[in-house]
Amino acid sequence: MVVWINGELVPDTEAKISVFDHGLVTGDGVFETVKVIDGTPFALSRHLLRLGRSAAGLGMPQPDVDQIRAGALALVGASPTRPLARMRITATAGIAPLGSQRGNSPVTAIIALAEQKPAAPSVDVVVAPWPRNEEGALAGLKTTSYAENVRALAYAAERGGGEAIFPNLAGNLCEGTGSNVFAAIGGRLITPPLSSGCLAGVTRALVLEWVGAAEDDLPLDDLSNADEAFLTGTTRDVQPIAHVNGRKLAAVPGPITRKAAEVFAMRSAESPDP
Ligand SMILES: Cc1ncc(COP(=O)(O)O)c(C=O)c1O
């Protein structure tokens with residue numbers, strides 16, 4: 001398998017990053033997961049914009065997104081074409097002393113491509129017992145400090161769930177470990193605002209543009225009482241939620257979810273980089 005690292009395509013068995021890399025030592029880095037359909041990355045420009053925004057929010061040096069874009073296309077070109085793949089772009093703050101203090105090294109940039117299974121037709125979610133801190137330094141940033149998400153997803157899996165949902169410190173609905181949440185209540189489609197601490201998901205933004213929804217704070221309990229609900233994310237597109245903490249939602253998928261999934265599928269097929 002070929003990967004791209006700091007401007008070069010190399011076999012993954014020969015790719016090297018330093019054990020002093022601050023991304024490895026402290027999670028001081030940012031990343032993106034991009035869907036690749038039949039060898040074409042989807043919404044690459046939006047993902048690269050967010051990579052830069054996450055780096056700015058983390059206060060690390062800016063990754064060279066033009067070089068990364070060229071690297072992403074080169075990697076796809078050098079890899080077998082699959083109907084569906086996921087591309088992971090990682091940029092870390094580079095080599096640093098063995099502590100929280102940053103060094104002065106250039107950014108480490110890595111791109112890897114792997115097979116991606118299509119998302120299940122619906123998902124059961126479990127509410128995580130740990131809140132997202134909407135006031136924290138990393139709120140809304142896609143950083144490689146992702147162990148909170150790993151912990152919560154394992155918690156959900158232990159309870160038969162395929163995604164964990166975080167409340168925030170205010171007790172409102174925030175997001176999943178790798179997804180945003182939409183709920184339909186009384187015919188109104190609602191998703192938490194960015195001030196809830198959720199990531200500005202690329203899929204979320206496209207659903208807001210193409211389908212339309214209100215951005216409103218929702219008490220966490222509204223999710224299990226919603227008429228219908230769905231997750232959005234790069235690896236899920238629009239995925240109906242079937243159960244919340246074991247409780248079945250009224251409609252799976254309901255008419256609003258079905259429409260959102262249809263519109264998303266149609267519009268995203270029209271343009272690979274909306
Ligand atoms: C914490 C979190 N929220 C939401 C999302 C959904 O974002 P996107 O639609 O850009 O994949 C992700 C993506 O992986 C995520 O990690």
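See the structure printed just above.
Residues numbered from 1 in each chain as written. Predicted model: local features only at pLDDT ≥ 70, side-chain atom pairs only at ≥ 80, totals over all residues. Heavy atoms only, no water.

Novice: So what exactly am I meant to see when it comes to the nonpolar core here?
Specialist: For soluble globular proteins, nonpolar side chains are generally found buried alongside one another. Counting 22 residues, the largest nonpolar core has I68, M87, I89 and I111 as the members making the most contacts within it. At the level of secondary structure, the elements contributing two or more residues to this core comprise β3 (29–37), α2 (44–58), α3 (65–77), β5 (84–92) and β6 (108–115). With 5 residues, the single largest contributor to this core is α2. When sequence neighbours within four positions are dropped, the list of residues in contact with I68 reads W4, L48, L51, P63, I89, A109 and I111. Among the nonpolar cores identified, the runner-up in size contains 17 residues, and V125, V181, A183 and L231 belong to it. (Core = buried A, V, L, I, M, F, W, Y, C linked by side-chain atoms within 4.5 Å. Buried < 20%, exposed > 50% of the residue type's maximum accessible area, 1.4 Å probe, protein only. Helix = DSSP H or I, 4+ residues; strand = E, 2+ residues; numbered from the N terminus. Contact = heavy atoms within 4.5 Å.)

Novice: Would you mind showing me how to read the environment of E14 here?
Specialist: Here E14 shows up in the loop between β2 (8–11) and α1 (22–26). Given the relative accessible area of 53%, E14 is considered exposed. In this structure, the C-alpha to C-alpha distance between E14 and P129, residues 115 residues apart in sequence, is 41 Å.

Novice: Explain the pattern of salt bridges here, please?
Specialist: Should their charged atoms come close, side chains of opposite charge can pair. The final tally for this structure, using the stated rule, is 11 salt bridges. In this structure, E209 engages R46 in a salt bridge whose closest nitrogen and oxygen atoms are separated by 3.2 Å. Taken together, the residues span a long stretch of sequence, with E209 in helix α5 (residues 202–210) and R46 in helix α2 at a distance of 163 residues. Through salt bridges that share partners, R132, E148 and E175 make up one connected network. (Salt bridge = Lys/Arg side-chain N within 4 Å of Asp/Glu carboxyl O.)

Novice: I tried to follow the site of the ligand on my own but got confused; where do I start?
Specialist: Around the ligand sit 16 residues in total, of which Y146, E175, V202, T203 and T234 are the nearest. The side chain of R50 places a nitrogen or oxygen atom 2.8 Å from an oxygen atom of the ligand. Within the side chain of E175, an N or O atom sits 2.7 Å from a nitrogen atom of the ligand. When the free accessible area of the ligand is taken as 380 Å², the share hidden by the protein chains comes to 94%. Counting residues per element, the ones that place at least two in the shell around the ligand are β9 (173–176) and α5. Of the residues in the shell around the ligand, the class split is 3 nonpolar, 9 polar and 4 charged. (Near = heavy atom within 4 Å. Polar contact = N/O pair within 3.5 Å; in protein donor to acceptor, adjacent residues only side chain to side chain. Areas by Shrake-Rupley, 256 points an atom, 1.4 Å probe, with all protein chains shown as cover. Nonpolar A, V, L, I, M, F, W, Y, C, P; charged D, E, K, R; others polar.)

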